[in-house]
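# Breakdown of the fold
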Amino acid sequence: MLRRKRRLLLQRRKPINAPSGDPDDAARGILIANSRGGRYTIPAKRLYPFQWNWDSCFSALGWSTFDEARAWEELRTLFAHQWPGGMVPHIIFHERHDTYFPGPDVWRLKQEVPTSGITQPPVAASVARFIYERAKDREMARDMLARLLPRIFLYHHWYHHQRDPGKTGLVAIYHPWESGRDNSPEWDAALAAVPADKVTPYKRRDIDHVLAEHRPSQDDYNRYMALVELFRSHDYDHGAIYPLTPFRMADAGVNFMLMRANRDLLWLLEETGSADGAARAEIAKWIARQEEAFESLWDENAGAYCSLDLVAGRNTGIATSGSFLSLYAGAARGGRAERVAGTVERWISESKFSVPTIVPSDVLFDRMRYWRGPIWAIMNFMVATGLRESGYYAALQRIGEDTAVLIRTNGFQEYFDPLSGAGLGGADFSWTAAMWLFWAREFGR
Ligand code: GLC
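Residues numbered from 1 in each chain as written. Predicted model: local features only at pLDDT ≥ 70, side-chain atom pairs only at ≥ 80, totals over all residues. Heavy atoms only, no water.

## Quick notes on helix α11 (residues 218-233)
Over its 16 residues, α11 extends 23 Å from the first C-alpha to the last, a length consistent with the 22 Å expected when each residue adds 1.5 Å. Just beyond α11, the residue with positive phi is Asp235, at close to 50°. (Helix = DSSP H or I, 4+ residues; strand = E, 2+ residues; numbered from the N terminus. Expected span 1.5 Å × (residues − 1).)

## Re the packing of helix α13 (residues 252-271) against helix α14 (residues 277-293)
Helices that pack against each other are described as a pair by the angle of their axes relative to one another and the distance between those axes. For the pair α13 and α14, interaxial distance at closest approach is 10 Å and the crossing angle is 150°. With respect to their mutual orientation, α13 and α14 come out roughly antiparallel. Of the two possible hands of crossing, α13 and α14 adopt the one that is left-handed. Here Asn255, Leu258, Met259, Asn262, Arg263, Leu265, Leu266, Leu269 and Glu270 of α13 come into contact with α14, specifically with Arg280, Ile283, Trp286, Ile287, Gln290 and Glu291. (Axes fitted to C-alpha atoms, helices over the stretch in contact; angles between N-to-C directions. Parallel < 35°, antiparallel > 145°, perpendicular 65-115°, else oblique. Left-handed = near helix turned anticlockwise from the far one by under 90°. Contact = heavy atoms within 4.5 Å.)

## Quick look at the site of the ligand
Residues in close proximity to the ligand include Pro43, Tyr48, Trp52, Trp54, Asp55, Gln120, Gly180, Asp182, Tyr370, Trp371, Phe429 and Trp431, which together make up its full environment. In this structure, Asp55 approaches the ligand through a side-chain N or O atom, which is 2.5 Å from an oxygen atom. Take Gly180: an N or O atom from its main chain is 2.6 Å from an oxygen atom of the ligand. Protein contacts shield 96% of the accessible area of the ligand, which totals 310 Å² for the unbound molecule. A breakdown of the residues in the shell around the ligand according to their chemical character gives 8 nonpolar, 2 polar and 2 charged. (Near = heavy atom within 4 Å. Polar contact = N/O pair within 3.5 Å; in protein donor to acceptor, adjacent residues only side chain to side chain. Areas by Shrake-Rupley, 256 points an atom, 1.4 Å probe, with all protein chains shown as cover. Nonpolar A, V, L, I, M, F, W, Y, C, P; charged D, E, K, R; others polar.)

## Observations concerning the packing of helix α3 (residues 53-64) against helix α17 (residues 377-390)
Put simply, α3 and α17 touch, their axes get as near as 12 Å, and they point 70° apart. Relative to α17, the element α3 is oriented roughly perpendicular. Considering how the two elements wind past one another, α3 and α17 form a crossing that is left-handed. Along its contact with α3, which presents Trp54, Phe58 and Leu61, the element α17 presents Ile378, Met379, Phe381 and Met382. Looking at the contact of α3 with α17 residue by residue, the classes come out as 7 nonpolar, no polar and no charged.

## Regarding the sheet that holds strand β9 (residues 314-315)
Spatial ordering of the open sheet is given by β5-β8-β9, a layout of 3 strands whose pairing is antiparallel. Edge positions in the open sheet fall to β5 (249-250) and β9, since each of these has one partner strand only. Here strand β8 (residues 308-309) pairs with β9 via 2 bridges, running antiparallel. From the neighbouring strand, Asp309 faces β9, where its bridge partner is Arg314. (Pairing = 2+ DSSP bridges.)

## Here's the deal with unusual backbone geometry
Omega for the peptide link from Phe101 to Pro102 comes to 0°, which places this bond in the cis form. Mapped onto the elements, Pro102 comes out in the loop between β4 (91-92) and α5 (104-107). In this model, Ser354 is joined to Val355 through a cis peptide bond whose omega is -5°. Inspection of the secondary structure assignment puts Val355 in the loop between α16 (334-350) and α17. The phi dihedral of Arg46 falls on the positive side, at around 65°, and the residue is not glycine.

## Here's the deal with the side chain of Arg260
When you line up the elements, Arg260 lands in helix α13. Discounting residues that sit within four places of it in the chain, Arg260 has contacts with Ser126, Phe130, Tyr328, Ala329, Thr385 and Glu389.

## Looking at the packing of aromatic side chains
For the structure shown, the criterion picks out 43 aromatic pairs. For the pair Tyr48 and Phe429, a centre-to-centre distance of 6.0 Å together with 85° between the ring planes defines the contact as edge-to-face. Taken together, the residues Tyr48 in the loop between β2 (40-41) and β3 (51-52) and Phe429 in the loop between β11 (423-424) and α19 (430-438) connect sequence positions 381 residues apart. A single burial state applies to Tyr48 and to Phe429, both of which are buried. In this structure, Arg134 is placed above the aromatic ring of Phe438, and the distance from its NZ or CZ to the ring centre is 4.0 Å. (Phe/Tyr/Trp six-rings, centres within 6.5 Å; stacked < 30°, edge-to-face > 60°. Buried < 20%, exposed > 50% of the residue type's maximum accessible area, 1.4 Å probe, protein only. Lys NZ or Arg CZ within 6 Å of the ring centre and 35° of its normal.)

## A short note on the confidence of the model for the protein chain
Detailed conclusions should not be drawn from predicted coordinates in areas where pLDDT is low. Chain-level pLDDT for the protein chain is 94 on average; 96% of the residues reach the 70-or-more range. The least confident element of the protein chain, judged by mean pLDDT, is helix α1 (residues 2-13) at 47; the most confident is α3 at 99. Contacts of residues 7-17 to residues separated by more than four positions or lying in other chains number 24 contacts, the stretch itself having pLDDT below 50. (pLDDT = per-residue confidence, 0-100.)

## Let's talk about the pattern of salt bridges
Pairing between side chains of opposite charge can happen when their charged atoms approach one another. Counted according to the given criterion, the structure contains 26 salt bridges. Of the charged contacts, one joins Glu295 and Arg336 as a salt bridge, the two residues approaching to 2.3 Å between their closest N and O atoms. Taken together, the positions of Glu295 in the loop between α14 and β6 (298-299) and Arg336 in helix α16 put the pair 41 residues apart, joining distant regions of the chain. Salt bridges sharing common partners tie together Arg129, Glu133, Arg260, Asp264 and Glu389. (Salt bridge = Lys/Arg side-chain N within 4 Å of Asp/Glu carboxyl O.)

## Topic: α17
The first and last C-alpha atoms of α17 sit 20 Å apart over 14 residues, in line with the 20 Å expected at 1.5 Å per residue. Counting buried positions over the 14 residues of α17 gives 11, a clear majority of the element. Looking only at α17, the buried set comprises Ala377, Ile378, Met379, Asn380, Phe381, Met382, Val383, Ala384, Thr385, Gly386 and Leu387. Count one or two residues on from α17 and you reach Gly391, which has phi positive near 90°.

Structure representation (structure tokens):
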């Protein structure tokens, strides 16, 4: 029985849309097939049947290459479900589906359209700027931005206040899912301190769709659920949760994405002539604070900025592809930028395909397990963007070409094995299709 299930899963892993024809058409076809009601894009059928915060933003980049109105609609829908306090939830459960756990009955939030009670990396402002800068319909772009920017400002305001009450310049994540890099080894030590003995029995659904050995472990999952139950018992009052959650991390990735998003938000407000001078001054203050605080993320041994455990007061010292977003944020300058680029170059030289989430020579490296080794197209896009903007063209070229080759030969998979290039996780994945259309295709000709 088990063998049969395994065989079925392996068969299902074969990309349905391994682009035999034109990969542009295939990528557009995936976004169209994963679109719901013309309003939002699910990451992948069955495995992820709702709207995810940062997936949705990356999907918008893909849409923008062939349907600008649809791209803006994606962001509009996401922000229509923003909480009154500013948080943009990590999942919006537009429809009922029993194929995903934990669903709305676990989060137990009383909204018309239920959401989860945590957030994800804030990439919306950066995505809005990317779309705006290439937009052919300028009038529509300005019109959409006029509605969107105040909401994005509120989101960043929420991050800087609720998740950094001490105004240190470092925002905290409360759950590994908030990093978007669920089972990264960066969270291991902190997660081990989360008590999970009282967690309510539950049934995972992810391993019905993909192989268990590629997914986070059962022990990790119990602790993920213990944190959800803790937040629920405090009615998702994020300000009140800050001092009492056993898991509070300054994730390098999220902090860098927020820094870039702050810069992009400021740029967009200035570009569109926003009259709100107070908001602009506040964003500038956040950025200045971040610039100073990020020094505490630097780890000399790793040659990179690493996540900081705010409960234990300890730098994890674990470099991941998230660490390289320091270039994307414009946070690493001068000698530090040189060091980060050097670390990226070393990782690339050790790996058949780039960029792995963890360098293959590291004992923590696990080539197929989710965020503990594999390559993710969205990370490649952001890392490569940072390299390009800092002038490291050789590394940028290699990452772009690898991404294009991986997609062309293995399809629009959720993620890829950095040693063999095999496509893993869900097939016909929206963000991989979007990254092809918006970015990787230029290296694939
Ligand atoms: C997984 C990923 C997360 C993503 C979600 C939907 O949970 O770790 O980053 O948003 O799947 O694709």
